[in-house]
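Here is what each chain is made of, one letter per residue.
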Amino acid sequence: PTILGLALVPLTLIWAAHPVRLLQLAFVAAVFEAGAAMVIGAFGLPTALVPGLMFISFIVAQYALGMRYPAEGAVFWALTPLLALLGYALLSVVVLPDAFAGTIRVAPQKNDPLQPVFVPLAFSAGNVTQPLYLAMNAVVATATALFMTRPAIPYRRIMGAYLLGGYVVVGLSFWQFASRIAGLPFPTDLLYSNPSWAIVEQMVGSVPRIQGPFSEPAGLAFYLSGLCFCCLWLIAHGYRMMHMTWLLALAIVAMLLSTSTTGILTLVVGLPLILVFTAARADGQALARLGKTGGMLMLGGALALTPVFIMKPALINAVSSVVDSTLTKSDSDSFSQRTATDLAALDTMSTTYGLGVGWGSFRSSSLIPGLVATAGVFGVVAVLWLGLGTTRLVLRCK
């Protein structure tokens, strides 16, 4: 057990009979993505899985006592693509690494600096840990979906836990920035205790790239992009909870500190799309709320940053280096290496006849190449099916 695990286990036991509390705890614990609750050999038990396993036990116990949920059929039909993907992933690790062993070169889950980027395909630890992660995600998703069909679900409390997790992430991100800049002590060993993750520490010129409780800056940017869209959507619909405007501003600053090109582009493209979707619904009040929030953020940013740049002109050079690095990302060695990895992942389509090389055998930098390489055509179809089906359910609910 790690320190995170020793903190989570007592809370999980205290709330064992309170499923909503377990869900809230999972939302907060999940932000410690690079940490582990327990280390078993080379496998780190994800922190969110401690309350997650107890939540699953609660649902199983209810079924054992004869309880049934009102929309079981709808849940299992909606999650059929995810469960089918899990089944294919488990079958693929048994068959495909041996079927194509030595004939295909793959990018392993963990890069060894003493070895080339690509190695011959063979059964590895990734074929065990990655299916386990997928299985845990699928089972938790199914159990949670069943529970959420119950009447009188306290949605506001569950959403509040998600927003609290956002405050934890931005707080740790600013703490890490202060540590990298001024040498402030930072709990690195506590946050990065999962041996299943390759932890990076990167710089853009003289500017440190911040990753918070995640394994890399891109992981932080991925989480913060969802957090920003969530805050904007809640603000547009008039909800007031957890000082969301402040959280949105802090999340945007933390996103910029990550210097993740993908994350920044996601905000640049995604935030205007929120306005477009809102305008398409002809909701004048929502547009007014978003306009007011945007004006407050720009005014607050100008008032906060202008004195800082006046007193510290050297910061302008640091910002300029980050902007130049972002604009010239496609010319960098890391971008070229990631592009080559993604292309190699796509090339497995023809050499494996669309079957893939087995879940966990190939580590790519992008979603579609990763699905193509590890789960073949079926993996791509399953994910698209899940996304379209979920979208259709949301539209029906509206």
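Keep in mind that this is a model prediction, so the values were computed, not measured.

(A) Structural detail: the packing of aromatic side chains. This structure, assessed with the given rule, holds eight aromatic pairs. Note on Tyr63 and Tyr69: the rings are 5.9 Å apart at their centroids and 45° apart in plane angle, and the pair reads as tilted. Taking the centre distance of 6.2 Å and the plane angle of 55° together, the rings of Tyr162 and Tyr223 count as tilted. One end of the pair, Tyr162, is in helix α7 (residues 155-182); the other, Tyr223, is in helix α9 (residues 217-236), and 61 residues separate them in sequence. Classification of Tyr162 by relative accessible area gives buried; the value is 17%. Classification of Tyr223 by relative accessible area gives buried; the value is 14%.

(B) A look at the state of the cysteines. All chains considered together, the criterion is met by zero disulfides. Not engaged in a disulfide, the cysteine Cys231 finds its nearest cysteine sulfur in Cys230; these two sulfurs lie 5.5 Å apart. With relative accessibility at 0%, the residue Cys231 sits in the buried group.

(C) Examining unusual backbone geometry more closely. With a phi angle near 55°, Met242 is a residue other than glycine that sits in the positive phi range. By the secondary structure assignment, Met242 is in the loop between α9 and α10 (244-258). The class for Met242 is partly exposed, based on a relative accessible area of 32%. Despite not being glycine, His243 has its phi angle at roughly 50°, a positive value. Note on placement: His243 falls in the loop between α9 and α10. Of the residues examined, His243 reaches a relative accessible area of 62% and is grouped as exposed.

(D) Region of the structure containing the nonpolar core. Phe55, Ile59, Val106, Phe147, Trp359 and Phe362 are the most contacted members of the largest nonpolar core, which totals 41 residues. Elements with a minimum of two residues in this core: α2 (19-29), α3 (49-64), α5 (80-99), α6 (126-147), α14 (333-351) and α15 (367-397). The leading source of residues in this core is α5, at seven residues. Not counting residues up to four positions away in its chain, the partners in contact with Trp359 are Leu85, Ala89, Ser92, Val93, Gly126, Asn127, Gln130, Pro131, Leu134, Leu371, Thr374 and Ala375. Judged by nonpolar contacts, the second largest core, of 38 residues, contains Leu191, Ala221, Leu224 and Leu247.

So, how was this worked out
- Residues numbered from 1 in each chain as written.
- Predicted model: local features only at pLDDT ≥ 70, side-chain atom pairs only at ≥ 80, totals over all residues.
- Heavy atoms only, no water.
- Phe/Tyr/Trp six-rings, centres within 6.5 Å; stacked < 30°, edge-to-face > 60°.
- Helix = DSSP H or I, 4+ residues; strand = E, 2+ residues; numbered from the N terminus.
- Buried < 20%, exposed > 50% of the residue type's maximum accessible area, 1.4 Å probe, protein only.
- Disulfide = S-S within 2.5 Å.
- Core = buried A, V, L, I, M, F, W, Y, C linked by side-chain atoms within 4.5 Å.
- Contact = heavy atoms within 4.5 Å.

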